[in-house]
Amino acid sequence: MQEPAAARFIHPYIGSEEFINGDIRYILALQDASPAALRALPHVMDRVHRVARYRRGEIPSRKAIDRGERERRTRSPGTVLLAATPTAYHVNVIPRSPFLAIPEVSSERRDYVPIGWLEPPTIPSNLVRIIENADLWDFALITSRMHMAWLRNIGGRLESRYRYSIGIVYNPFPWLQIDAERERERERERERERICTLAQAVLDARANHPESTLADLYDPDAMPPDLRRAHRALDQAVDRLYRKEPFASDRERVEHLFMLYEKLSAPVLAAAAASRRVRRRRRFSAGEIAPPLTAPE
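A brief structural summary. Computed from a predicted model, the values in this text were never measured in an experiment.

## Focus: the overall build of the chain
Scanning the chain from terminus to terminus reveals twelve helices and nine strands. Looking at the chain as a whole, 39% of its 297 residues are labelled buried. In the form shown here, the chain has an accessible surface area of approximately 18600 Å², with 53% of it arising from carbon and sulfur atoms.

## A short note on the sheet that holds strand S4 (residues 105-106)
The strand order S4-S9-S8 describes an open sheet built from three strands, whose pairing is antiparallel. Here the strands that pair on one side only, and so sit at the sheet edges, are S4 and strand S8 (156-158). Pairing of S4 with strand S9 (residues 161-163), which is carried by two bridges, proceeds in the antiparallel orientation. Each bridged residue has a counterpart across the sheet, and for Val105 the counterpart in S9 is Arg163.

## Examining the nonpolar core
Ile195, Tyr218 and Tyr242 are the most contacted members of the largest nonpolar core, which totals 49 residues. Sequence-distant contacts of Ile195, that is, excluding residues within four places in its chain, are made with Trp137, Ala140, Leu234, Ala237, Val238 and Leu241. By size, the runner-up hydrophobic cluster in this structure holds ten residues, among which are Leu30, Ala37, Met45 and Val48.

## Notes on the packing of aromatic side chains
For the structure shown, the criterion picks out seven aromatic pairs. Taking 6.4 Å as the distance between ring centres and 70° as the angle between the ring planes, the aromatic pair formed by Tyr112 and Tyr218 counts as edge-to-face. On the criterion of sequence distance, the pair formed by Tyr112 in the loop between S4 and strand S5 (116-118) and Tyr218 in the loop between helix H10 (214-217) and helix H11 (225-242) is long-range, its members being 106 residues apart. Each member of the pair, Tyr112 as well as Tyr218, is classed as buried. When the centroid spacing of 4.8 Å and the interplanar angle of 75° are considered together, the rings of Phe173 and Trp175 count as edge-to-face. Within the aromatic cluster, the residues linked to one another by ring pairs are Trp150, Tyr170, Phe173, Trp175, Tyr242 and Phe258. A cation sits over an aromatic face here: Arg75 above Tyr54, 4.0 Å from the ring centre.

Cut-offs and rules
- Throughout this document, residue positions are counted from 1 along each chain, in the order its sequence is written.
- Side-chain atom pairs in this predicted model are given and counted only at pLDDT of 80 or more, local residue features only at pLDDT of at least 70, and totals for whole chains, interfaces and linings cover all residues.
- As a convention, hydrogens and water are excluded, and side-chain values are obtained from all of the structure's heavy atoms.
- Under the DSSP-based scheme used, a helix requires at least four consecutive residues in state H or I and a strand at least two consecutive residues in state E, with every element numbered from the N terminus.
- Per-residue accessibility, obtained with a 1.4 Å probe over protein chains only, is compared with the maximum for each type, and a residue is labelled buried under 20%, exposed over 50%, and partly exposed between these values.
- Where accessible areas are quoted, they stem from the Shrake-Rupley method and a 1.4 Å probe; at the residue level, only the protein chains shown are allowed to cover.
- For two strands to be treated as a pair, DSSP must find no fewer than two bridges joining them.
- Residues grouped as a nonpolar core are buried Ala, Val, Leu, Ile, Met, Phe, Trp, Tyr and Cys residues, joined through side-chain atoms within 4.5 Å.
- Throughout, a residue-residue contact means that at least one pair of heavy atoms, one from each residue, lies within 4.5 Å.
- Working definition: a ring pair exists when centres of Phe, Tyr or Trp rings (six-membered ring for Trp) sit within 6.5 Å. Plane angles under 30 degrees give stacked, over 60 give edge-to-face, the rest tilted.
- Working rule: Lys NZ or Arg CZ, within 6 Å of ring centre, within 35 degrees of ring normal, means a charge sits over the ring.

The structure is reproduced here in structure tokens:
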């Protein structure tokens, strides 16, 4: 390392590809670095200066140079504005506690998108969706076949690969709620505990193969039998929480989810429609009391 004193500012940087394939990149995290600390690190300061120049459009990116592009490019006003703070990221998502990582892009050959936990000082790239303070219940539902069927049917695609998004996949998904009904409170808590136990079994099965990356573990032809059994047990348990009768196919799962989505969205749509009617009535009322138009004499 050219500048050993900079080690405290160098953090692991994980995107979809690194997370799935067990690779690692590094990034400078200078948000909390004092000016004195930065000025004592000339190589780091050189990087900071280059970031500022890139954001102003004075130098091309490394990818552009690799493509043989060396001319200056006009940056967007937002990017130029960021040149004033070159130690800040464009998107500052820096978790302070362990977080659940969901790769944005995953092969369509996999039965499950490989998800799991990362922790600081790891910094996720913009190609990883994260849930902070997630628990085994969150992991169980997202990695279930029910959620995977939803992703395959309504999620976007990058070429043929699945693309996981917050607005299209995560937010509209009919999340299963186990809420308080006094007469069923204990039963619901037992269901939650059982699902969390099965989710932990999936993680334990992964841990049985420490030499394998997530790409290895979730290759449909190489998936270990113990991991496949753990996923199937979890899938069946989550299915039963959504419907007591077994699902015959992913199509049935998605049809059931869409029915739930309709029920969940109906009150919201009705409220929006009522609000539009009120606004129309107000406009009509205003028109009724407005003075009549008259032609000039």
